[in-house]
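Remarks on the overall topology
As a plain string of letters, each chain reads:
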Amino acid sequence: MKAFDISTFFLQQMSADDNMSPAIAATRALMESLRLDDSTTLQEFIAKMKEARESLSKTDVSVVSVSSGCELFLRFITLSHLELEQAADFASCREILLRRGEEYVNTMQESRKRILRSSTNLIKTGMVILTHSRSRNVLAVMKEAAKNGKQFTVYVTESRPDCSGQRMAEDLRSCGIPCTVILDSAVGYMVERVNAVMLGAEGVCENGGIISKIGTCTVATFAHMKNKPVYILVESFKFIRIIPLNNSSLPKSYLHCASILNSGKDLGCEHPLVDYTHPDNITLLYTDLGVLPTSAVTEHLIKLYT
Amino acid sequence: MAPPTKQDFINKLRLEKFESEQSKAEESLALLEHIVANASWQTGSELLTLLRNVDIEVSAKLPWETTPRNMVQRALKIVVDEYSSCVGGVSAMNTSGHHTFPQVTMDPTGGVELPKCDQALPDLRDRVLEALAEYRAELEQSDELIAVQGESKIHNDEVILTFDWCGLVLAFLTRAAKKRHFHVIVAEGAPTYQGHRMAESLSRVGIQTTLIQDCAVFPMMSRVNKVIIGTRTVLSNGGIKTDLGAAALASAAKFYCVPLYVCTPTYKFSRISGEEVNHCGSGSAIIPINTPLPSSVNVAVSKFDYVPPENVTSFITNNRGIAPSYVYRHLSELYDPAAYHV
């Protein structure tokens, strides 16, 4: 019964606010299930939370950021805290956990604003920017820059198979930003005209590489080859503790959505949803923790997870 | 001697009366010590605001002068640290209040306001002055500490390439020359030709020196074992902003896989990312004033050059060598993340 609630609640949250990151919707769903929960011991509670997290990752929405956001949320609320140790019974524990959960969700929701703050000087007048697919963070930063009166042009890749690049272009045009949709295969042709590449990510790996919509690897690698800076705009709750060696070592749960994994189809014929970009091709990461070089990610991960 | 004032200091900076970054650092420290000792302030927060005003004024009028700004940032960190240790722990907190992940970044977003240091402590003034005096001693020793590392970095029969005049590199090489025998090639550094002065000083201490044109750097690079230069500023991404000519030198070094070492004391590490540090000189630097040149010809004289972090091998600083990818971390040790105003 509860598992059903959490998935539908999560999907409701996603459809209600288009600008919300899936990870935030997932943590909100976890908070809701925390409120409705009736466990009597901490063990039972943690087990139920883990179940809830499992059922969230079975939805067809971006598994990478959802699982990372949930993992961090659970760690944050159950982290051995002085107050928890001194709590008399489970009821007061729950109060504390609820409070910390609220705090965490509020911080997460502020993360996009912090990214906007750290990237105020990123876009300059006259810049030509290339972006791939539709990233909420990139869209927010560009809207902010346009609002501040900066004039710049954007090239967006169409981004098959869901053509989310078209949606990105519509959103940008509605803010008065001149943009052109290009074919995914036209990136090689266009890179020499652009000044910088701005991308979003679904996950940031421990070595500073990113996991992002399929096609990102191509854009970033080629841009780096032509000495164009590649900026990634990503929130810190997307930092994950894996170090993929190459694209083949990405876990299957990231590459294909849950319904395809469960349907027993031959995965060799299914197109992957995401790819891995090596940190050498990334110049800087603009996060809510500030502007980080790729070498700083591992340090932040340690801080987030301990 | 007249007490140092902010206005005098800024005027002196503007008229370029300082002979080196070291003297800028020392005088800005003197100004900050004067503010701490003599200005009227009661709480830590007031002192932080007073000090930060120096930073704000310098960055508004002369944004490319990073050394005084770095000194202010360091002083702010010293004040916050002294305040915390006086009060014994957690009082000087970030105003955003929530469970902050400690900021180890190049460009902080949390806390555009200064940390709150509201308690009035009677001995804060003395403690801060003491800490600043220690910092002054460290500053005065930094040249020596860097020069001492010369012996270990340079080996016998090596060919070192350097560029233009740098007092620190001169001290570094002079020290090494006492124990090692090596050859130095100096690029002359047009249009100021300070490289001539460098070559003269080097040969005076008995080092075999060759003077070359700036444009000859590329063909000479294949014969060079190491490149050692100074800099004006170290940027937060690990790149450097220095006198014109260094970028070409660094690219040539990268092409031939020759390591590039930058000798820099810690007060040159700054938290800016690069774009703001741009300054143009007057055309008379390259074209003498009365030369007949049609007015349709634009003379552009730039003062600074940017070397990206990929081209720098390592920074030789007071305490140790630092890789460019580690600079962001070093910055968090030197400066307080909350005290930087965007």
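None of these values were measured; they are calculated from a predicted model. (Residues numbered from 1 in each chain as written. Chains lettered and ligands numbered in written order. Predicted model: local features only at pLDDT ≥ 70, side-chain atom pairs only at ≥ 80, totals over all residues. Heavy atoms only, no water.)

The next point concerns the overall build of chain A. When you go through chain A residue by residue, the secondary structure sums to 13 helices and ten strands. Since a compact globule built from 306 residues should have a radius of gyration of about 19 Å, the 20 Å found for chain A is in line with a globular shape. Taken along its principal axes, the extent of the C-alpha atoms in chain A is 65 × 45 × 35 Å. Per-residue burial for chain A yields a buried fraction of 54% across its 306 residues. Total accessible area on chain A stands at roughly 13,600 Å², and carbon and sulfur atoms take up 53% of it. For chain A, the distance from the average position of its 33 positive side-chain charges to the average position of its 34 negative side-chain charges is 6 Å. (Helix = DSSP H or I, 4+ residues; strand = E, 2+ residues; numbered from the N terminus. Rg over C-alpha atoms; globule rule 2.2 N^0.38 Å. Buried < 20%, exposed > 50% of the residue type's maximum accessible area, 1.4 Å probe, protein only. Areas by Shrake-Rupley, 256 points an atom, 1.4 Å probe, with all protein chains shown as cover. Lys, Arg positive; Asp, Glu negative; His and termini not counted. Charge placed at Lys NZ, Arg CZ, Asp CG, Glu CD.)

Moving on: unusual backbone geometry. Of note, the bond from arginine 160 of chain A into proline 161 of chain A is cis; its omega dihedral lies within 30 degrees of zero at 5 degrees. With respect to the secondary-structure elements, proline 161 of chain A resides in the loop between strand S2 (153–157) and helix H8 (164–173). Omega for the bond connecting alanine 190 of chain B with proline 191 of chain B falls within 30 degrees of zero, at -5 degrees, which places this linkage in the cis form. Here proline 191 of chain B shows up in the loop between strand S2 (183–187) and helix H8 (194–204). A positive phi angle is found at serine 133 of chain A, which is not glycine, with a value near 55 degrees. Looking at the secondary structure, you find serine 133 of chain A in the loop between strand S1 (128–132) and helix H7 (136–147). On the basis of relative accessibility, which here comes to 4%, the residue serine 133 of chain A falls in the buried class.

Here the focus is the sheet that holds strand S6 (residues 240–243) of chain B. If you walk across this open sheet you meet the three strands as S5-S6-S10 (chain B), and the pairing is antiparallel. At either end of the open sheet lies a strand with only one pairing partner, and these are strand S5 (233–234) and strand S10 (304–307) of chain B. (Pairing = 2+ DSSP bridges.)

A separate point is the sheet that holds strand S5 (residues 203–204) of chain A. Residues and elements named next belong to chain A. Sheet architecture is open: three strands sit in the order S5-S6-S8, paired in antiparallel fashion. If you trace the sheet from one side to the other, it starts and ends with S5 and strand S8 (274–277), each paired once. In this structure, strand S6 (residues 210–213) lies alongside S8, joined through four bridges in antiparallel fashion. Opposite serine 212, over in S8, you have aspartate 275 as the bridge partner.

Residues and elements named next belong to chain B. Between helix H5 (residues 124–148) and helix H7 (residues 167–177), whose axes approach to 8 Å, the crossing angle comes to 45 degrees. Accordingly, the angle class assigned to the pair H5 and H7 is oblique. Where H5 crosses over H7, the handedness of that crossing is right-handed. In this structure, H5 contributes Asp143, Glu144, Ile146, Ala147 and Val148 to the contact, and H7 contributes Leu168, Ala171, Phe172 and Arg175. Of the residues assigned to the contact of H5 with H7, the class counts are six nonpolar, no polar and three charged. (Axes fitted to C-alpha atoms, helices over the stretch in contact; angles between N-to-C directions. Parallel < 35°, antiparallel > 145°, perpendicular 65-115°, else oblique. Left-handed = near helix turned anticlockwise from the far one by under 90°. Contact = heavy atoms within 4.5 Å. Nonpolar A, V, L, I, M, F, W, Y, C, P; charged D, E, K, R; others polar.)

So, on to the packing of aromatic side chains. Summed over all chains, the structure comprises seven aromatic pairs over all chains. Pairing tyrosine 231 of chain A with tyrosine 286 of chain A gives two aromatic rings, centres 5.6 Å apart and planes at 90 degrees, and the pair type is edge-to-face. Linking tyrosine 231 of chain A in strand S7 (residues 230–233) with tyrosine 286 of chain A in strand S9 (residues 284–287), this pair joins segments that are 55 residues apart in sequence. Owing to a relative accessible area of 15%, tyrosine 231 of chain A belongs among the buried residues under this scheme. When the ring of phenylalanine 9 of chain B is compared with that of phenylalanine 18 of chain B, the centres are 5.8 Å apart and the planes differ by 65 degrees; the resulting orientation is edge-to-face. What makes phenylalanine 9 of chain B buried here is its relative accessible area of 3%. Three or more aromatic residues joined by ring pairs make a cluster, and in this case those are Phe218, Phe255 and Tyr256 of chain B. Arginine 74 of chain B extends its terminal NZ or CZ atom over the ring of tyrosine 135 of chain B, reaching a point 5.2 Å from the ring centre. (Phe/Tyr/Trp six-rings, centres within 6.5 Å; stacked < 30°, edge-to-face > 60°. Lys NZ or Arg CZ within 6 Å of the ring centre and 35° of its normal.)

Let us now look at a negative patch on the surface. There is a patch of like negative charges on the surface, built from Asp123, Asp126, Glu130, Glu134 and Glu138 of chain B. The exposure class of glutamate 134 of chain B is exposed, given its relative accessible area of 57%. (Patch = residues over 30% accessible without salt bridge, like charges linked within 9 Å, V, L, I, M, F, W, Y side chains within 5 Å. Salt bridge = Lys/Arg side-chain N within 4 Å of Asp/Glu carboxyl O.)

All names here are of chain B. The volume enclosed by the second largest pocket comes to roughly 1,200 Å³. Looking at the second largest pocket, it is lined by 40 residues, and the ones nearest its centre are Glu19, Glu21, Trp165, Arg232 and Asp243. When residues of the lining of the second largest pocket are traced back to their parent elements, those giving at least two are helix H2 (21–38), H7, H8, S6 and strand S9 (301–302). Counted by class, the lining of the second largest pocket contains 16 nonpolar, twelve polar and twelve charged residues. (1 Å grid on protein atoms, 1.4 Å probe; cavity = no way out; pocket = protein on both sides within 12 Å on 5 of 7 lines; lining within 4 Å. Points joined across faces, edges and corners; volume = space filled by probe spheres on them.)

Another point: the confidence of the model for chain B. All names here are of chain B. Per-chain confidence: chain B averages 84 in pLDDT, with 88% of residues scoring 70 or above. Below pLDDT 50 for its whole length, residues 90–112 participates in 66 contacts with residues either more than four positions away or in separate chains. Across the interface, the model reports ipTM at 0.75; the global pTM reads 0.84. (pLDDT = per-residue confidence, 0-100.)

Turning our eyes to something else, we now look at a nonpolar patch on the surface. On the surface, Ile286, Leu293, Val297 and Val299 of chain B cluster together to form a nonpolar patch covering roughly 300 Å² of accessible area. Inspection of the secondary structure assignment puts valine 299 of chain B in the loop between strand S8 (280–281) and S9.

It is worth spelling out the pattern of salt bridges at this point. Side chains bearing opposite charge may pair, as long as their charged atoms lie close to each other. For the coordinates displayed, the defined rule picks out 33 salt bridges over all chains. Lysine 303 of chain A is the partner of glutamate 299 of chain A in a salt bridge, and the nearest nitrogen-oxygen pair spans 3.6 Å. In this pair, glutamate 299 of chain A and lysine 303 of chain A are both assigned in helix H13 (residues 297–305), four residues apart and thus about one turn of the helix distant. What makes lysine 303 of chain A partly exposed here is its relative accessible area of 25%. Residue arginine 329 of chain B is joined to glutamate 299 of chain A by a salt bridge in which the shortest nitrogen-to-oxygen separation is 2.6 Å. One end of the pair, arginine 329 of chain B, is in helix H11 (residues 327–334); the other, glutamate 299 of chain A, is in helix H13, on a second chain. Under the relative-accessibility criterion, arginine 329 of chain B is labelled partly exposed at 22%. For glutamate 299 of chain A, a relative accessible area of 17% translates into the label buried.

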